[in-house]
Amino acid sequence: GALPIFFKNDQLLITAISMALDMIGYVTTTSFGLYVFKYAYGDESMYASFALILGVSQIAALAVFPRVAKKYARAKIYKIATVVVVIGYIVFFFAPMNMLFIGIAGILLFVGQAFIQILMLMFLADTIEYGHYKLGKRNESVTFSIQPFINKMGGAVASGVVGATVILSGINDANSAADVSSEGLLMLKVAMLIFPLICIILGYILYS
């Protein structure tokens, strides 16, 4: 069965947990986008720019990754990408209502995140060879079936975090940014930025 293979291949298990933590962090951040611009920054129109930065940053990261991968070891790329993501989150958390700062934070965040996501797929592929060495079977189908499961799980956890935060912060009953308390706004930013940051750092520590 798939479950024994998953638990017997310790590298696959660790990679999957790291991947899940990273995905939870990423999806939680992106899921909060519209809420944070409408209620924390008071300008819903900024969300379109945020979404554009997300898309362009990720496409750019995909384009430059092969060149970066030729020059540096994967472990070093993962470390640098994680540091870039951490800086992006910190800048975003303290950024004033200014698209310049948010734009810089977004580029750092999503370029770093795109690199991590590519690396995770590569790490996942590496566990096939390790599993073949340890268990005598390659088990490619089981290994790669983990990714869509992790994506769905990340989406489910993110939806839960967003739903709970929107209710607890008072945003659910608010019509505009003026209707949300400072405590509610702080809760929103912590859920969007600090919780995902912790997940991504934990994922890196675990994999390391």
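Residues numbered from 1 in each chain as written. Predicted model: local features only at pLDDT ≥ 70, side-chain atom pairs only at ≥ 80, totals over all residues. Heavy atoms only, no water.

## Focus on the overall build of the protein
Logical step 1: If you tally the helices and strands in the protein, you get eight helices and zero strands.
Logical step 2: When the elements of the protein are put in sequence order from the N terminus, they spell out α-α-α-α-α-α-α-α.
Logical step 3: The C-alpha atoms of the protein give 18 Å as radius of gyration, which agrees with the globular expectation for 208 residues (17 Å, within 12%).
Logical step 4: Among the 208 residues that make up the protein, the fraction classed as buried is 43%.
Logical step 5: For the protein, the proportion of contacts with a sequence separation of at least 24, taken over those separated by at least 6, is 78%.
Logical step 6: Total accessible area computed for the protein in this model is approximately 10500 Å², and 68% of it derives from carbon and sulfur atoms.
Logical step 7: Charge separation in the protein, taken as the distance between the mean sites of 13 positive and 10 negative side-chain charges, equals 16 Å. (Helix = DSSP H or I, 4+ residues; strand = E, 2+ residues; numbered from the N terminus. Rg over C-alpha atoms; globule rule 2.2 N^0.38 Å. Buried < 20%, exposed > 50% of the residue type's maximum accessible area, 1.4 Å probe, protein only. Contact = heavy atoms within 4.5 Å. Areas by Shrake-Rupley, 256 points an atom, 1.4 Å probe, with all protein chains shown as cover. Lys, Arg positive; Asp, Glu negative; His and termini not counted. Charge placed at Lys NZ, Arg CZ, Asp CG, Glu CD.)

## Here we look at helix α4 (residues 46-71)
Logical step 1: Along its 26 residues, α4 runs 36 Å from first to last C-alpha, staying within 8% of the 38 Å computed at 1.5 Å per residue.
Logical step 2: The sharpest bend along α4 measures roughly 40° and falls at Phe65, with the proline Pro66 sitting one to four residues further on.
Logical step 3: Turning to α4, its buried residues number three or more, namely Met46, Phe50, Ile53, Leu54, Ser57, Gln58, Ala61 and Phe65. (Expected span 1.5 Å × (residues − 1). Bend = angle between axes of the 7 residues up to and from the residue.)

## A closer look at the environment of Thr143
Logical step 1: Looking at the secondary structure, you find Thr143 in helix α7 (residues 140-168).
Logical step 2: On a C-alpha basis, the gap between Thr143 and Val190 in space is 33 Å, while along the polypeptide they are 47 residues apart.

## Considerations on the nonpolar core
For soluble globular proteins, the rule of thumb is that nonpolar side chains tend to be buried together.
Logical step 1: Judged by nonpolar contacts, the single largest core of 54 residues is most densely connected at Phe37, Tyr41 and Phe92.
Logical step 2: Looking at this core element by element, the count peaks at 12 residues for helix α6 (residues 99-135).
Logical step 3: In this view, Phe37 contacts Gly42, Asp43, Glu44, Met46, Tyr47, Phe50, Phe92 and Ile102; residues no more than four positions away in its chain are not counted. (Core = buried A, V, L, I, M, F, W, Y, C linked by side-chain atoms within 4.5 Å.)

## Regarding the pattern of salt bridges
Logical step 1: Applying the stated rule across the entire model yields one salt bridge.
Logical step 2: A salt bridge links Arg74 to Asp126; the shortest N-O distance between them is 2.4 Å. Of the two residues, Arg74 is situated in helix α5 (residues 74-94) and Asp126 in helix α6; the sequence distance between them amounts to 52 residues.
Logical step 3: Assessed through its relative accessible area of 33%, Arg74 is described here as partly exposed.
Logical step 4: Since its relative accessible area comes to 34%, Asp126 is described here as partly exposed. (Salt bridge = Lys/Arg side-chain N within 4 Å of Asp/Glu carboxyl O.)

## Focus on the confidence of the model for the protein
Logical step 1: The predicted model of the protein averages 87 in pLDDT, with 92% of residues at 70 or higher.
Logical step 2: For the protein, per-element mean pLDDT is lowest for helix α1 (residues 2-8), which scores 66, and highest for α5, which scores 95. (pLDDT = per-residue confidence, 0-100.)

## Describing the environment of Lys152
Logical step 1: For Lys152, the location among the structural elements is in helix α7.
Logical step 2: Note on Lys152: relative accessible area 68%, which makes it exposed.
Logical step 3: Along the sequence, Lys152 and Ile24 sit 128 residues apart, while their C-alpha atoms lie 9.6 Å from each other.

## A word on a nonpolar patch on the surface
Logical step 1: On the surface, Ile198, Ile201, Leu202 and Ile205 cluster together into a nonpolar patch covering about 340 Å² of accessible area.
Logical step 2: Structurally, the position occupied by Ile198 is in helix α8 (residues 182-207).
Logical step 3: Ile198 gets classed as partly exposed once you look at its relative accessible area, which sits at 46%. (Patch = residues over 30% accessible without salt bridge, like charges linked within 9 Å, V, L, I, M, F, W, Y side chains within 5 Å.)

## Some remarks on the packing of aromatic side chains
Logical step 1: Scanning all chains against the criterion turns up 12 aromatic pairs.
Logical step 2: Judged by centre distance (5.9 Å) and plane angle (65°), the ring pair of Tyr78 and Tyr207 falls under edge-to-face. Residue Tyr78 is found in helix α5, and its partner Tyr207 is found in helix α8; the two are separated by 129 residues along the sequence.
Logical step 3: Overall, Tyr207 belongs to the partly exposed group, its relative accessible area being 29%.
Logical step 4: Taken together, the ring pairs connect Tyr26, Phe37, Tyr47, Phe50, Phe92 and Phe110 into an aromatic cluster.
Logical step 5: Positioned above the aromatic ring of Phe93, the side-chain terminus of Lys189 is 5.3 Å from the ring centre. (Phe/Tyr/Trp six-rings, centres within 6.5 Å; stacked < 30°, edge-to-face > 60°. Lys NZ or Arg CZ within 6 Å of the ring centre and 35° of its normal.)

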